[in-house]
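Given next are the chains, with one letter for each unit.
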Amino acid sequence: MIGLIAATAAGAAARDRLAAAWPDRTRVYGGPVADAVRAAFAECDRLVCFLATGAVVRLVAPLLAGKASDPGVVCVDEAGRFAVSLLGGHGGGANELAREVGEVLGAEPVVTTATDAVGLPGLDTLGLPVEGDVAAVSRALLDGEPVALRAEVTWPLPPLPVAAEGAYTVRVTDRLAEPADGEAVLRPPTLVVGVGASKGAPVEEVLALVEDALREAGLSRASVAELATVDAKAGEPGLVEAARRLGVPLVTYPAGELARVAVPNPSDAPLAAVGTPSVAEAAALVGGGELVVPKRKSAGSPAMATCAVVRRPGRGRLAVVGLGPGARDLLTPRARDELRRASVLVGLDQYVDQIRDLLRPGTRVLESGLGAEEERARTAVAEARRGQAVALIGSGDAGVYAMASPALAEASDDIDVIGVPGVTAALAAGALLGAPLGHDHVSISLSDLHTPWEVIERRVRAAAEADLVVTFYNPRSRGRDWQLPKALALLAGHRAPATPVGVVRNASRADESVRLTTLAALDPVTVDMMTVVTVGNTATRQIAGRMVTPRGYRWQEEAR
C-alpha cells in the first residue's frame, strides 16, 4: 500500500489526482502531518509526501529502523514539478515510485541513487538475494574499477561492466559460501526441493530434513525456488507451513505425471499410498535438471518425510522488442525497460544506432547488416540458450514483417520468450493520414524475396474483392519496380479511380513526408522501401484534408 500525505490545498489536489489514478494502491492519511507520516510509515510499503523534502526528512528521521525494513519515500513539491526519491530508492522501491508518480502527475522524477544516475543496475535491484561487500563492489563498478564476474551457475542477469579479473568480484552461486573481502554474492533461485510426507508430518521434521540436506550438500537455502510434491499432499499442513517459512511456493503435480519421471530410487510405499513410485525425486526432477541430493529420509522414528534436491539450469531470456517507427517518443516504456535489462542486444545495425544511447554499460551488442535476418535470429536464440538475457530488436512491431517469426521458429521451450509490442508503420502512417484504418483492413508485403509473387497476387486480389483497406509494406525498390503497379491495377478493378490513397515516407522521423492522392493519380515512381502506401476501400473519403474510412455507426447515418 502507498500512503499519501499532504499539508496544503495544492498538495491535496495533487494527492487526490494520484489517489484517483491508483484507487487500489493508495491510502490517504489526513489529520496533523506528523501523525499522518508516523501512521503511514508504520502501515505502508511506500509513501508519497506532498511536502518539502526538508520537512519530510525531519519527520521520518526518528522513525528510521534500517535499509531493509524502511518504506520508500517520495516527495512531491507544491507545484507538482518534481517527484524526488528521498528514502529507500532501491530496497524500498522509491526510485520506481518516483517515475510512476511522474507519469501520473507530469512531474519530473528525481533519482539520485548513484547506480541509477550512471545507468548501472544496482546489485540489490536484480531480484536476487545478495550478500557480502555489496557497497564496495557497487562503488568499484561506479568508479570503473575492474570487477570480475564469477558465475558458478548460469542466470540471465542484466548487463554489468565486468572484467576477466579484478580486485572485486560479483559471484553468482547457489552454494553455501562466505563472501570474501571485496565480493558480492548473488544467489539465483536454481534449487527445487522435492518433498514427500506421511499424513501429519510435523513441520519441524520437514524443515530439519530440508535444511540438513542443503547444508550437507553445501547448498544455500536462499537459492531454493520452490518445494514440490504430489497433488495428494497439496494440503498437508507440515508441507504448507514449511514452504511458508522458507518463503517459497509449494508446487504440486498429479501422481500420473510423477510416475512417468525416471528416478534412481523408486519405492513401493509411495506407489501404494499416492499412485507413484517416487514423490520427492520425481517432483524435483519433473521440470528437468541435475539431481544433486538423492532421496533421503528425515530423522524421525519412524521417518515422516523424504526430500531430494535438483539444480535446474537458469533459463535464458529472449525479448523480441519492437522499436516503433523511429521517433523516440513512440518507443514504449516496456521496450525501454527490456533494452536496459538485456545483457546481449542483437539487431540490424541501423536499428541499433537508433537506441544505442539507451543501453546500459556492459551490454554486448551483436549487429549485422541488411539481409542477415536468419543469422540474427539464430544468434539471438543461441545466446539465450547460453543463459543470457537477450533483446532482439526490430522496427515497428517485431512481430509484423520483422524478427519475431524467424526467431520463434528457431526457438524451443528451453528458453523464455517475451514479446514486446511496438507501434507499426501502418499505425504510424494511419495516424498521420487521418483514420484510413477505421474499418476492416489488411497489410500486405509486396516483397517477393521470400514469398512467390503468385501468392502475393492472390492475396491482393482477395483484398480487392473483399473491399478491404490495404496497406502495402515494402512497396517498391530499385530491383522490384513492377509489383506496386501490378497490385494497384488489381485494386483498380474493384475501386473507383478517385479512391483515396495515402503515401507516407519515414513516418515519425525527422524527414517524414505525407501525401494524400488517389488510386488513379498515384505515381509508383515516387514510392520506395521507406514508404507505406494505404489504399482506401469503396467507403473511404477525403474529409477536411484527411483520409477517413467510416466505421458505419448508425447514429452517424441517422444524422445525415
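Just so you know, these numbers come straight off a predicted model, no measurement behind them.

A.B. asks: Can you walk me through the overall build of the chain in this structure?
C.D. replies: A tally of regular secondary structure across the chain gives 19 helices and 28 strands. Of all 560 residues assigned to the chain, the portion counted as buried reaches 46%. Contacts spanning at least 24 positions in sequence make up 64% of the contacts within the chain whose residues lie at least 6 apart. Accessible area for the chain stands at about 25,800 Å²; split by element, carbon and sulfur atoms hold 52% of it. Put simply, the chain has 57 plus and 66 minus side-chain charges, and the middle of one group is 3 Å from the middle of the other.

A.B. asks: Help me out: how do you make sense of the sheet that holds strand 17 (residues 344–348) in this one?
C.D. replies: With parallel pairing, 5 strands are arranged side by side in an open sheet as 18-17-19-16-20. The sheet is open, and its two edges are formed by strand 18 (364–368) and strand 20 (416–420), each paired on a single side. Across the sheet, the mean angle from the axis of one strand to that of its neighbour is 15°, orientation sign disregarded. The pairing of strand 16 (residues 317–322) with strand 20 spans 5 bridges and is classified as parallel. Note on strand 20: the bridge partner recorded for A319 is I418. Lying over the sheet, helix 12 (residues 333–341) contacts strand 16, strand 17, strand 19 (389–394) and strand 20, oriented at roughly 140° with respect to strand 16. Contacting strand 16, strand 17, strand 18 and strand 19, helix 14 (residues 373–385) crosses the sheet at an angle of about 175° to strand 17.

A.B. asks: Please explain the sheet that holds strand 1 (residues 2–6) as it appears in this structure.
C.D. replies: In a beta sheet, neighbouring strands pair by backbone hydrogen bonds and run either parallel or antiparallel. The strand order across the open sheet built from 6 strands is 2-1-3-4-5-6, with neighbouring strands paired in mixed fashion. Looking at the sheet topology across the chains shown, the edges are occupied by strand 2 (26–29) and strand 6 (108–110). Neighbour-to-neighbour, the strand axes of the sheet open up by a mean angle of 25°, direction not taken into account. In this sheet, strand 5 (residues 82–87) lies alongside strand 4 (residues 72–76) in antiparallel orientation, the contact comprising 4 bridges. Within strand 5, the position partnered with C75 by the bridge is V84. Here helix 1 (residues 9–21) sits on the sheet and contacts strand 1, strand 2 and strand 3 (46–50); the angle it forms with strand 1, its principal contact strand, is near 160°.

A.B. asks: Help me out: how do you make sense of unusual backbone geometry in this one?
C.D. replies: Apart from glycine, the bulk of residues carry a negative phi angle, and the bulk of peptide bonds sit in the trans form. The phi dihedral of D467 is positive, around 60°, even though this residue is not glycine. Along the polypeptide, D467 turns up in the loop between helix 17 (453–465) and strand 23 (469–473). At N474, a position not held by glycine, the phi torsion is positive, near 45°. Its place among the elements puts N474 in the loop between strand 23 and helix 18 (483–492). For N474, a relative accessible area of 21% puts it in the partly exposed group.

A.B. asks: What should I look at first to understand the pairing of strand 3 in this one?
C.D. replies: Moving residue by residue along a regular strand, the side chains alternate between the two faces of the sheet. Summarising burial for strand 3: 5 of the 5 residues are buried, a large majority. Of the two faces of strand 3, the one holding R46, V48 and F50 and the one holding L47 and C49 are both buried throughout. As paired strands, strand 1 and strand 3 are joined by 5 bridges and run parallel to one another. Across the sheet, residue A6 finds its bridge partner in strand 3, namely F50. Where strand 3 lies against strand 4, 4 bridges are found, and the strand directions are parallel. Its bridge partner being in strand 4, R46 is matched across the sheet by G72.

A.B. asks: Whenever I open this one, the nonpolar core confuses me. Can you help?
C.D. replies: When a protein is soluble and globular, its nonpolar side chains tend to lie buried together. Ranked by size, the top nonpolar core spans 24 residues in total, and within it V193, V195, L214, L227 and V309 carry the most contacts. Contributing elements (two or more residues each) for this core: strand 11 (191–197), helix 7 (203–216), strand 12 (224–230), helix 8 (237–246) and strand 15 (305–311). Top element by residues in this core is helix 7. It accounts for 7 residues. Apart from residues no more than four positions distant in its own chain, V195 is found in contact with V210, L227, A228, T229, L239, V279, A280, T306 and C307.

A.B. asks: I keep staring at the side chain of R46 and nothing clicks. Help me out?
C.D. replies: Along the polypeptide, R46 turns up in strand 3. Residues within four places of R46 in sequence aside, it is in contact with M1, I2, G3, R25, P71, G72, G92, G93, L97 and E100.

A.B. asks: Looking at this model, I keep getting lost on the packing of aromatic side chains. Mind explaining?
C.D. replies: Each aromatic ring pair is summarised here by two numbers: the centre-to-centre distance and the angle between the ring planes. Evaluated as defined, the whole model comprises 2 aromatic pairs. Judged by centre distance (4.7 Å) and plane angle (50°), the ring pair of Y401 and Y473 falls under tilted. Pair noted here: Y401 is in the loop between strand 19 and helix 15 (404–410) and Y473 is in strand 23, with a separation of 72 residues, a long-range link. Here Y401 falls in the partly exposed class, since its relative accessible area comes to 43%. By relative accessible area, which is 11% here, Y473 ends up buried. Taking the centre distance of 5.0 Å and the plane angle of 70° together, the rings of W453 and W482 count as edge-to-face. Of this pair, W453 sits in helix 17 while W482 sits in the loop between strand 23 and helix 18, and the two are 29 residues apart along the sequence. Since its relative accessible area comes to 41%, W482 is described here as partly exposed. One residue, R25, lies across the ring of W22, its end atom 4.4 Å from the ring centre.

Cut-offs and rules
- Residues numbered from 1 in each chain as written.
- Predicted model: local features only at pLDDT ≥ 70, side-chain atom pairs only at ≥ 80, totals over all residues.
- Heavy atoms only, no water.
- Helix = DSSP H or I, 4+ residues; strand = E, 2+ residues; numbered from the N terminus.
- Buried < 20%, exposed > 50% of the residue type's maximum accessible area, 1.4 Å probe, protein only.
- Contact = heavy atoms within 4.5 Å.
- Areas by Shrake-Rupley, 256 points an atom, 1.4 Å probe, with all protein chains shown as cover.
- Lys, Arg positive; Asp, Glu negative; His and termini not counted.
- Charge placed at Lys NZ, Arg CZ, Asp CG, Glu CD.
- Pairing = 2+ DSSP bridges.
- Axes fitted to C-alpha atoms, helices over the stretch in contact; angles between N-to-C directions.
- Core = buried A, V, L, I, M, F, W, Y, C linked by side-chain atoms within 4.5 Å.
- Phe/Tyr/Trp six-rings, centres within 6.5 Å; stacked < 30°, edge-to-face > 60°.
- Lys NZ or Arg CZ within 6 Å of the ring centre and 35° of its normal.

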